[in-house]
Amino acid sequence: MPSISSKGNAMPQSPIRKLVPFAEAAKKNGTKVYHLNIGQPDIKTPQVALDAVKNNTIEVLSYARSEGSEEYRTKLANYYAKNDIHVTANNIIATTGGSEALLFTIGSITDPGDEIIIPEPFYANYNGFSTASGVKVVPVISKIENNFALPAIEDFEKLITPKTKAILICNPGNPTGYLYSKEEIEKLKQIVLKHDLFLIADEVYREFTYDGEKHNSVMAFEGLEQNAIMIDSVSKRYSMCGARIGCIVSKNEEFINTALKFAQARLSPPTYALIASEAALDTPQSYFDEVIEEYEDRRNTLITELQKIDGVKVANPKGAFYCVVELPVKDTDDFAQWILEKFNDNNETVMVAPASGFYSTEGEGKNQVRIAYVLNKTDLKRSVEILKIALEKYNS
């Protein structure tokens, strides 16, 4: 029988999606499942984006340019300028989601066996993207006790080897919701300049910041022009996860020219999705003001309710719409499956994402889960109530 590649066997399962069969089985048995496991916003997609597709008169659905249309990239550059990110259309490559942007980036800057340093816990697919490219993730652990703040720069420094090509951060963070300060980005700037590394920042949650905090983009730091690579996406900003439009942004011309070759190899991003994404850039600020206010309320509701449960520890996120929660159990993979497979309260249960899949260090995160506060406040309260009852029964 033909064999599967070692790379294929090494590809990690998604901690977010691997429990889907158990959730579907619960639903078939008549149990309502509250989904706290995935960052799929329930906020309505801007009407201007939907109308751009519905009212389009295209007669031939042709290829887009490999890097996305110049009109879209120019309009995107204008959006960035409002956020103190000054780039041109030539600094941008449109991709099929932020996922492809990361794959193209890793493919452009690494060879098999190279290393990327990532503060953990981190977005689970960073493991998958690195594995697909034959790259080693070198984790530097952040802690729930200080809300998953940037680890000491000395912790980064001691991990740098001749094979280190980049430091990768998610800002605001998935799964932690941590928002990096200007001072923390400045520290990263100094270390990547000192060791001639790339600084990759996944900034897809840029708009989602709370408590009056400001997002600090790596693209706004003077002196990082040749080192900074920004990953972005329309998925969360406009509640357009299904559009699958992301982008790579960098002022490093050699890097952009290299990434473009990857983009040409896959031909083009989806045309209708580009049309919707271009139109979405006309979304008024009032949309974001309402969305941010709603998510901040949801965050406050979730944190307040979770803190009422004995033995639960929760980080207080300043951005995105996730938090990492430490539960009084030894193995949240087992608990997350059990709560779907063998438990319900009045025919209702919850689905969470075990946090061990957001770490690459063996054994880390085994008693943690990631919760996405993408449900309305009533459902969030009910979800935490179910979680409390489930924990009592699981531990009895």
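The rules behind the values
Residues numbered from 1 in each chain as written. Predicted model: local features only at pLDDT ≥ 70, side-chain atom pairs only at ≥ 80, totals over all residues. Heavy atoms only, no water. Helix = DSSP H or I, 4+ residues; strand = E, 2+ residues; numbered from the N terminus. UniProt positions renumbered as here; feature names shortened; annotations may be inferred. Pairing = 2+ DSSP bridges. Axes fitted to C-alpha atoms, helices over the stretch in contact; angles between N-to-C directions. Contact = heavy atoms within 4.5 Å. 1 Å grid on protein atoms, 1.4 Å probe; cavity = no way out; pocket = protein on both sides within 12 Å on 5 of 7 lines; lining within 4 Å. Points joined across faces, edges and corners; volume = space filled by probe spheres on them. Nonpolar A, V, L, I, M, F, W, Y, C, P; charged D, E, K, R; others polar. Parallel < 35°, antiparallel > 145°, perpendicular 65-115°, else oblique. Left-handed = near helix turned anticlockwise from the far one by under 90°. Salt bridge = Lys/Arg side-chain N within 4 Å of Asp/Glu carboxyl O. Buried < 20%, exposed > 50% of the residue type's maximum accessible area, 1.4 Å probe, protein only.

Trans peptide bonds make up the majority, and among non-glycine residues the majority have a negative phi. Cis geometry is found at the peptide bond from Glu120 to Pro121, where omega equals 10°. Residue placement: Pro121 occurs in the loop between β3 (115-120) and α6 (125-132). Residues other than glycine seldom take positive phi values, yet Asp84 does so here, at roughly 65°. Relative to the assigned elements, Asp84 resides in the loop between α4 (70-81) and β2 (92-95).

Another point: the UniProt feature "domain: Aminotransferase class I/classII large" (unreviewed entry) in the chain. Residues annotated by UniProt as "domain: Aminotransferase class I/classII large" (unreviewed entry) correspond here to residues 32-385. Spanning residues 32-385, this segment combines 35% helix with 17% strand, and its end C-alpha atoms are found 14 Å apart.

Moving on, we get to the sheet that holds β3. An order of β2-β8-β7-β6-β5-β3-β4 is seen for the 7 strands of this open sheet, with the pairing classed as mixed. One side of each edge strand has no neighbouring strand; the edge strands of this open sheet are β2 and β4 (136-141). Each strand of the sheet is rotated relative to its neighbour by a mean of 20°, with strand direction disregarded. Sheet strands touched by α4: β2, β7 (228-233) and β8 (246-249). Its angle to β2, the strand with the most contacts, is close to 110°. Of the strands in this sheet, β5 (164-170) and β6 (198-202) touch helix α8 (residues 182-195), which is tilted by about 170° from β5.

The next subject is empty space enclosed by the protein. The gaps of empty space that remain are located by a probe, the size of a water molecule, rolled over the atoms. For the structure shown, the criterion picks out 4 cavities of 30 Å³ or more. There is about 130 Å³ of room inside the largest cavity. For the largest cavity, the lining is made up of 17 residues, of which Pro119, Pro121, Cys170, Thr176 and Tyr180 are closest to its centre. Put simply, the parts of the chain that give the lining of the largest cavity at least two residues each are β3 and β5. Ranked by the residues each element gives to the lining of the largest cavity, the list is headed by β5, at 3 residues. Here the lining of the largest cavity is built from residues that sort into 13 nonpolar, 4 polar and no charged. As a volume, the second largest cavity reaches approximately 60 Å³. Elements represented by at least two residues in the lining of the second largest cavity include exactly α4, β7 and β8.

Moving on: the sheet that holds strand β9 (residues 313-314). Sheet strands associate in pairs through backbone hydrogen bonding, adopting either a parallel or an antiparallel arrangement. Reading across the sheet, the 4 strands line up as β9-β10-β13-β12 and stay open at both edges, with antiparallel pairing between neighbours. One side of each edge strand has no neighbouring strand; the edge strands of this open sheet are β9 and β12 (353-354). Here strand β10 (residues 322-326) pairs with strand β13 (residues 368-372) via 5 bridges, running antiparallel. Bridged to Cys323 within β13 is Ile371. Strands in contact with helix α11 (residues 285-306) are β9, β10 and β13; relative to β10, the strand with the most contacts, it is inclined by about 5°.

Another aspect to go through is the packing of helix α5 (residues 97-109) against α6. Across the interface, α5 lies against α6 with an axial gap of 10 Å and an inter-helix angle of 40°. The angle between α5 and α6 places the two elements in the oblique class. Considering how the two elements wind past one another, α5 and α6 form a crossing that is right-handed. Contacts between α5 and α6 involve Ser99, Leu102, Leu103 and Ile106 from the first element and Tyr126, Phe129, Ser130 and Ala132 from the second. When grouped by side-chain class, the residues that make up the contact of α5 with α6 number 6 nonpolar, 2 polar and no charged.

Looking now at the packing of helix α3 (residues 47-54) against helix α10 (residues 271-280). One way to put it is that α3 packs onto α10 with a least axis distance of 8 Å and a crossing angle of 140°. The element α3 and its partner α10 pack so that their crossing is right-handed. For the pair α3 and α10, contact is made by Val48, Ala49, Ala52 and Val53 and by Tyr272, Ile275, Ala276, Ala279 and Ala280, respectively. Of the residues contributing to the contact of α3 with α10, the split by class is 9 nonpolar, no polar and no charged.

One pass over the structure, following the stated rule, counts 28 salt bridges. Linking Glu186 and Lys189 is a salt bridge whose minimum nitrogen-to-oxygen distance equals 3.9 Å. Of the two residues, Glu186 and Lys189 both sit in helix α8, 3 residues apart, roughly one turn of that helix. Here Lys189 falls in the buried class, since its relative accessible area comes to 13%.

Here the focus is the pairing of β10. In terms of burial, β10 is a largely internal element, 5 of the 5 residues being buried. Side chains Tyr322, Val324 and Glu326 project from β10 onto one buried face, and the interleaved Cys323 and Val325 project onto a second face that is buried too. Bridge count between β9 and β10: 2 bridges; the pairing is antiparallel. Counted as the bridge partner of Val314 is Val325 from β10.

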